[in-house]
Amino acid sequence: MSRPPHLTPVPDLPEPAVPGPDALIVDVPGYDGPLDLLLTLARTQKVDLMQISVLALAEQYLAFVEEARSLRIELAADYLVMAAWLAFLKSRLLLPPDPQAEGPSAEDMAAHLAFQLERLQAMREAAARLMGRDRLGLDRFARGAPETVARVRRVEWQARLIDLMRAYARLKTRDEFRPYAFDRRDIYTMEQALDRMRGLIGFAGDWTSLAEFLPDGWEGSADRRRSATAATFAASLELAKQGQVELRQGETFAPISIRRRKRT
Amino acid sequence: MTGAAPIPAFPPPDMAQQERMVEAMLFASAQPMRMADLAARMPTGSDPAEALAALRRRYAGRGVELVRVGDAWAFRTAGDLGFLMQEQTVEQRRLSRAATETLAIVAYHQPVTRAEIEEIRGVAVSRGTLDQLIEVGWVRMGRRRDTPGRPATFVVTDAFLDHFGLEQTRDLPGLSELRAAGLLDARPSVAGLPLARQAGGSNMGEEDAGESLPAEDLFDQR
Amino acid sequence: MTGAAPIPAFPPPDMAQQERMVEAMLFASAQPMRMADLAARMPTGSDPAEALAALRRRYAGRGVELVRVGDAWAFRTAGDLGFLMQEQTVEQRRLSRAATETLAIVAYHQPVTRAEIEEIRGVAVSRGTLDQLIEVGWVRMGRRRDTPGRPATFVVTDAFLDHFGLEQTRDLPGLSELRAAGLLDARPSVAGLPLARQAGGSNMGEEDAGESLPAEDLFDQR
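With that settled, consider the packing of aromatic side chains. Applying the stated rule across the entire model yields 13 aromatic pairs over all chains. Look at Phe 27 of chain B and Phe 27 of chain C: their rings are 5.1 Å apart centre to centre, the planes differ by 90 degrees, and that puts the pair in the edge-to-face class. Of the two residues, Phe 27 of chain B is situated in helix H1 (residues 15-28) and Phe 27 of chain C in helix H1 (residues 15-28); the pairing between them involves two chains. Here Phe 27 of chain B falls in the buried class, since its relative accessible area comes to 0%.

Shown next, in the form of structure tokens:
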């Protein structure tokens, strides 16, 4: 700290060569505010803080401020506010108590000030005791070569029996829903129809209804009959194209007849 | 070092205290310390060699041992406790659909070959899927099948039974129970019909069709 | 929730082995470790509490001691042997008086608000002082006080306990005497007493008043 924080010398004045008879002024830069200054002054009374004469303390403080003024040292506002308050407290302490007065009595205020001084003092001592302990890194030491802890990531797989069963059920039922895996039992292919007709056409020398060519067992359901009819018709067209059969239909939607083409 | 000031030496601290000193120094030091390093810090007349010997006996068999590193000494964790020096973080992930299905097939059909799994699933099983199930510890290789090519078979493990709370694979619910539980569609099943490959185009759209899928893709992120 | 059951537990290792484990883990760590951290790395069914108690007895009076720091445990060299470790001593700057007082007030009065600290010290607390104590890791914010304005409170940390060799804040030196003397009571200030902020202009000239003070000023050079 290059500069006294609380007492700022007036610039154009030569520095006070001797700070005065009271050595306190020399120490002013070290004060942490008015309470701290009061505490230092109180210690000069050399009595237990609880027994301190607040009246005497107020007078000490006011004398200090007066002295600073005479040395043309400007005190920070805090110190002056405290001085004004102490002057007020002093007058209250000297006068007989005013029964009309509101708020805390002068004695209460004095007692509280004494409490604050004692508490501040206690915290100072506590801080000193704390700092005086065996401290880590100064007196006590941690392991100088700590071992690094490797982090290992372990994956825990989550699967329940129900998931397994669902998966299996899915596999076992999926096939029915495959578009390319529908049941072929109801499909009569053109290849099947061709095979069948090639065998039958030799016997059919005369006009025969196409329906006669449908295979056994395919008339039952509409789906099967439709499939068989379509396949047989397609097969008959193929045979006609190859020149093996002739087709005939009397009118629109009339039954289609088929016969073997006569060889010329 | 000798012959300098013959100041009447203070007696060195007793051996118990010297042992404490060496113990503290070795503990706090970032590097192993040589005997000379120890001696330099200890009061004159101390005998770090003896203190080290005593300490070594004291720590023998403990979780931390006094070991010699070159010509220096240091405390080290006992070798058998190295596993404590790692911190495990557990991450929970769900099996992917492909893995779950493959696992189900192995469980229901074991011992089962890769070709059979593919036949049932209708898609090629990526190598990663089975490898991962083996790594998880739920599937292992069984005997080779006595058929041409002697293909490997796969079976589920005890860890599998343990994880799924089964005593034996026979305890797996059968198809009729699955159906009763509403897990199977009510339609007459064509179960057992090996449709798979011959249905053609079986690879289409399946998520695990490619053999080249990285294993990461095997599992869904939860 | 089938299958959730972990692998049938092995019996935990015997207490001697558990003690070795805790010893190794705490030796390996520079930071105090909580019981839960220890248990997490040990086999299921282990009892680090009992192992810690045994270890503490074993190391009592040694050059390295097992100390408790809040809810955690650590090995630290014995305080009387600090002189051997001067080379390890980290260059520590001395805390300024403002900082040490503030730290003591936080420790003894916690949880404490900034206004209460100011009331006790009789001066405004610069933001820098508390910030620095927080940065060092000795002070942290506690809960907000349930009073108008819901002011933040400050408390000391486990690192504070570790640094000053305290098991818990109850062990602060002189705490019970201070409490008995009523010096830790929250006494309402008497109206009219011109202390701290209400004095007006309290920021002026205060060595730790400026918000912009570099943190350097917190510490006196030793």
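Next up on the list: the sheet that holds strand S1 (residues 33-34) of chain B. Strand pairing in a sheet relies on backbone hydrogen bonds, with the paired strands running either antiparallel or parallel. All names here are of chain B. In spatial order, the strands read S1-S3-S2; together these three strands make up an open sheet with antiparallel pairing. Edge positions in the sheet fall to S1 and strand S2 (64-69), since each of these pairs with one other strand and no more. Pairing geometry for S1 and strand S3 (residues 72-77), over two bridges, is antiparallel. Counted as the bridge partner of Arg 34 is Ala 72 from S3. Along the sheet face, H1 touches S1, S2 and S3 and points at about 70 degrees away from the line of S3.

For the rest of this paragraph, the subject is the nonpolar core. With 45 residues, the main nonpolar core has Leu 26 of chain B together with Leu 26 of chain C as its most contacted residues. If sequence neighbours within four positions are ignored, Leu 26 of chain B has contacts with Met 33, Leu 38, Leu 52, Leu 66, Trp 73 and Phe 75 of chain B.

Turning our attention to the sheet that holds strand S7 (residues 152-156) of chain B. Residues and elements named next belong to chain B. The strand order across the open sheet formed by three strands is S5-S7-S6, and the pairing between neighbours is antiparallel. Each having just a single partner strand, strand S5 (112-113) and strand S6 (139-144) make up the two edges of the open sheet. Here helix H6 (residues 127-136) sits on the sheet in contact with S6 and S7, set at roughly 110 degrees to S6.

In this section: H6 of chain B. Here H6 of chain B has its buried residues at Gly 128, Thr 129, Leu 130, Gln 132 and Leu 133 of chain B. Downstream of H6 of chain B by one or two residues, Gly 137 of chain B has phi in the positive range, about 100 degrees.

On to the packing of helix H7 (residues 190-200) of chain A against helix H8 (residues 222-241) of chain A, then. Axis angle and axis distance: for two packed helices, these are the angle between their axes and the distance between the axes, and together they describe the pair. Residue and element names in this part refer to chain A. The geometry of H7 relative to H8 is characterised by a closest axis approach of 8 Å and an angle of 60 degrees between their N-to-C directions. On the basis of the axis angle, H7 is oblique to H8. The handedness of the crossing between H7 and H8 is right-handed. Judged by residue contacts, Met 190, Ala 193, Leu 194, Met 197 and Arg 198 of H7 engage Ala 231, Thr 232, Ala 234, Ala 235, Ser 236, Glu 238 and Leu 239 from H8. Looking at the contact of H7 with H8, its residues break down into eight nonpolar, two polar and two charged.

Residue and element names in this part refer to chain A. Where helix H4 (residues 77-94) meets helix H5 (residues 106-131), the closest approach of the two axes is 9 Å, and the angle between their N-to-C directions is 130 degrees. Put simply, H4 runs oblique to H5. When the axes of H4 and H5 are compared, the crossing they make is left-handed. Across from Trp 85, Leu 86, Phe 88, Leu 89, Arg 92 and Leu 93 in H4, the residues of H5 making contact are Ala 106, Glu 107, Met 109, Ala 110 and Leu 113. Its residues assigned to classes, the contact of H4 with H5 comprises nine nonpolar, no polar and two charged.

Moving on, we come to the side chain of Arg 140 of chain A. With respect to the element layout, Arg 140 of chain A can be found in the loop between H5 and strand S3 (150-158). Of the side chains bearing the opposite charge, Asp 162 of chain C lies closest to the buried Arg 140 of chain A, which forms no salt bridge; the N-O distance is 4.2 Å. In terms of polar contacts, Arg 140 of chain A uses its side chain to reach the backbone carbonyl oxygen of His 163 of chain C, at 3.5 Å. Those residues in contact with Arg 140 of chain A, other than ones at most four positions away along the chain, are Asp 134 and Arg 135 of chain A together with Arg 76, Thr 77, Ala 78, Gly 79, Asp 162, His 163, Phe 164 and Gly 165 of chain C.

Under the counting rule described, the total for this entry stands at 28 salt bridges over all chains. The residue Arg 119 of chain A makes a salt bridge to Glu 119 of chain C at a minimum N-O spacing of 3.8 Å. Taken as a pair, Arg 119 of chain A in helix H5 and Glu 119 of chain C in helix H5 (residues 114-121) lie in two separate chains rather than in one. By sharing partners, the salt bridges in this structure join Asp 36 and Arg 124 of chain A together with Arg 97, Glu 101 and Arg 121 of chain C into a single network.

Conventions used here
Residues numbered from 1 in each chain as written. Chains lettered and ligands numbered in written order. Predicted model: local features only at pLDDT ≥ 70, side-chain atom pairs only at ≥ 80, totals over all residues. Heavy atoms only, no water. Phe/Tyr/Trp six-rings, centres within 6.5 Å; stacked < 30°, edge-to-face > 60°. Helix = DSSP H or I, 4+ residues; strand = E, 2+ residues; numbered from the N terminus. Buried < 20%, exposed > 50% of the residue type's maximum accessible area, 1.4 Å probe, protein only. Pairing = 2+ DSSP bridges. Contact = heavy atoms within 4.5 Å. Axes fitted to C-alpha atoms, helices over the stretch in contact; angles between N-to-C directions. Core = buried A, V, L, I, M, F, W, Y, C linked by side-chain atoms within 4.5 Å. Parallel < 35°, antiparallel > 145°, perpendicular 65-115°, else oblique. Left-handed = near helix turned anticlockwise from the far one by under 90°. Nonpolar A, V, L, I, M, F, W, Y, C, P; charged D, E, K, R; others polar. Lys, Arg positive; Asp, Glu negative; His and termini not counted. Salt bridge = Lys/Arg side-chain N within 4 Å of Asp/Glu carboxyl O. Polar contact = N/O pair within 3.5 Å; in protein donor to acceptor, adjacent residues only side chain to side chain.

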